[in-house]
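For reference, the chains in residue letters:
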Amino acid sequence: MTLSRNKVLAPLAALLIAALALLAGCGSSGSEDKGGESSAATRTVKDAAGNEVQVPEDPQKVVSLHYAATQSVYDLGVNLVGQGIFEEGAMTKEIQDKIGDVPVVTTQDEVQVEKVAQLEPDLILAPNTTSDDVLKQLREIGPVYVWTLRGDDRANWEQRVEEVADATNKTDKYKELKDQFSKRQQDMASQYKDVISGKSVGVVDAFEDNNFYAWGEKNMTGTLLTPLGFTWSKDENAAVKDEKEPEKDVSNEKIGSVLGDADVIFHGSTEQGKTTAPVEALMKTSLYKNLKAVKAGNNFPIGKTTIAGFSDANYSLDQIEAGLKKMK
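Here's what I pulled together on the structure shown here. Note that residues are indexed from 1 along each chain, following the sequence as it is written. Where totals are concerned, whole chains, interfaces and linings use all residues; where local detail is concerned, this predicted model gives features only for residues with pLDDT of at least 70, and gives and counts side-chain atom pairs only at 80 or more. The side-chain quantities take in all heavy atoms of the structure and omit both hydrogens and water.

### A few points about the overall build of the protein chain
This is how the line gets drawn: The helix and strand labels rest on DSSP assignments: H or I over at least four residues marks a helix, E over at least two residues marks a strand, and numbering proceeds from the N terminus. Classification of residues uses two cut-offs on accessible area relative to the type maximum, computed with a 1.4 Å probe and protein chains only: under 20% is buried, over 50% is exposed, and between them is partly exposed. Per-residue accessibility takes into account occlusion by the displayed protein chains alone, with areas from the Shrake-Rupley method and a 1.4 Å probe.
When helices and strands are counted, the protein chain shows 15 helices and 14 strands. Counting all 328 residues of the protein chain, 45% fall into the buried class. Surface summary for the protein chain: the accessible area is close to 17,100 Å², and the carbon and sulfur share equals 48%.

As structure tokens, then:
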């Protein structure tokens, strides 16, 4: 029996279509063939410095050059292979235990570029304080995303988390964390409304002997406390009003003029419940003990006054809530 021409060609056509589909699928996978090596799918983002950066869609080997971004990487659930140096107590015990074995690639003063290169990262997160010459060296190693550490947006710690989320393709996770945090603040504002109403608050920290650090309302701790219903100390706001960033180093002897009007004071501490030596020294002075808030018993720890991410912020809310339960 002789097969018709159409019956002979049909199977050949089907094979040809299948082959073309396979080739098309390979071409649209987001990978590129370069000398026999394929690179993972990428996406283009704009970093905080305005640079367009081609980053992996799903980064697997992230290096963070500063602990503020390190915390965001942890909170967002991204794999960290290298990190910037940080002081004991700068992160919660949970995070420190988790990242304890991650190689450190910076000193207090510089980025150790060779150590970064040895890790073969597919994404490097660099703060906007990194020098241009170091950024140039890092870009020879892998994609570099510059995020905001200092500047006019310093108080907006959530923006820094959002930038890291943009770089690592975790924007949905960022929104989830943000919504959870906002709801917690709303719930606390409602639950402790009668305790907070009419109370003015001030925040103090210390990083060296004989001086304390004053924080204005438009700073990181302000984003934690004012949504709860507190008003900020007028004296403390006035003390920092001429500063580019609403914060200032002040001699201990001036504590009365900076925080004398506050009904409640929250002081800096580590993320593991310890008060640092400079803060302890300040709190032992007679001038501090005679502050209205301290004499009333309304003096509580708040955690770090420089907030790196949602773990920091939630730890501080834990401390604030503990204080609210004791507030007189």
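### As for helix α15 (residues 310–326)
Formally: Multiplying one less than the number of residues by 1.5 Å gives the expected span of a helix.
Given a rise of 1.5 Å per residue, 17 residues ought to cover 24 Å, and the 24 Å separating the end C-alpha atoms of α15 matches this to within 8%. Burial runs high along α15: 12 of the 17 residues are buried. Along α15, the positions that sit buried rather than exposed are Phe 310, Ser 311, Asp 312, Ala 313, Tyr 315, Ser 316, Leu 317, Gln 319, Ile 320, Glu 321, Gly 323 and Leu 324.

### Topic: the pattern of salt bridges
As a working rule, side chains carrying opposite charge can pair if their charged atoms are close by. Convention followed: Any carboxyl oxygen of Asp or Glu that lies within 4 Å of a side-chain nitrogen of Lys or Arg is treated as forming a salt bridge with it.
One pass over the full model with this rule turns up 11 salt bridges. The salt bridge involving Asp 187 is made with Lys 183; its shortest N-O contact spans 2.9 Å. With Asp 187 and Lys 183 both in helix α7 (residues 171–191), this residue pair falls four residues apart, about one helical turn. Residue Asp 187 is classed as partly exposed on the basis of its relative accessible area of 41%.

### Things to note about the sheet that holds strand β6 (residues 80–82)
The pairing of strands in a sheet happens through backbone hydrogen bonds and is either parallel or antiparallel. Here is the rule: One bridge is not enough; two strands pair if DSSP finds at least two bridges between them. In this analysis, axes come from line fits to C-alpha atoms, helices being fitted only over the stretch in contact, and the angle between any two N-to-C directions falls in the range 0 to 180 degrees. The contact definition used throughout considers only heavy atoms, calling two residues in contact when any of these lie within 4.5 Å.
Across the sheet, which stays open at both edges, the four strands sit in the order β6-β5-β7-β8 with parallel pairing between neighbours. Among the strands making up the open sheet, the edge pair consists of β6 and β8 (144–147). Ignoring strand direction, the axes of neighbouring strands in this sheet form an average angle of 35°. Sheet strands touched by helix α2 (residues 67–76): β5 (62–64), β6, β7 (123–127) and β8. Its angle to β5, the strand with the most contacts, is close to 145°. Strand contacts of helix α6 (residues 157–168): β7 and β8, with the helix running at about 165° to β8, the strand carrying the most contacts.

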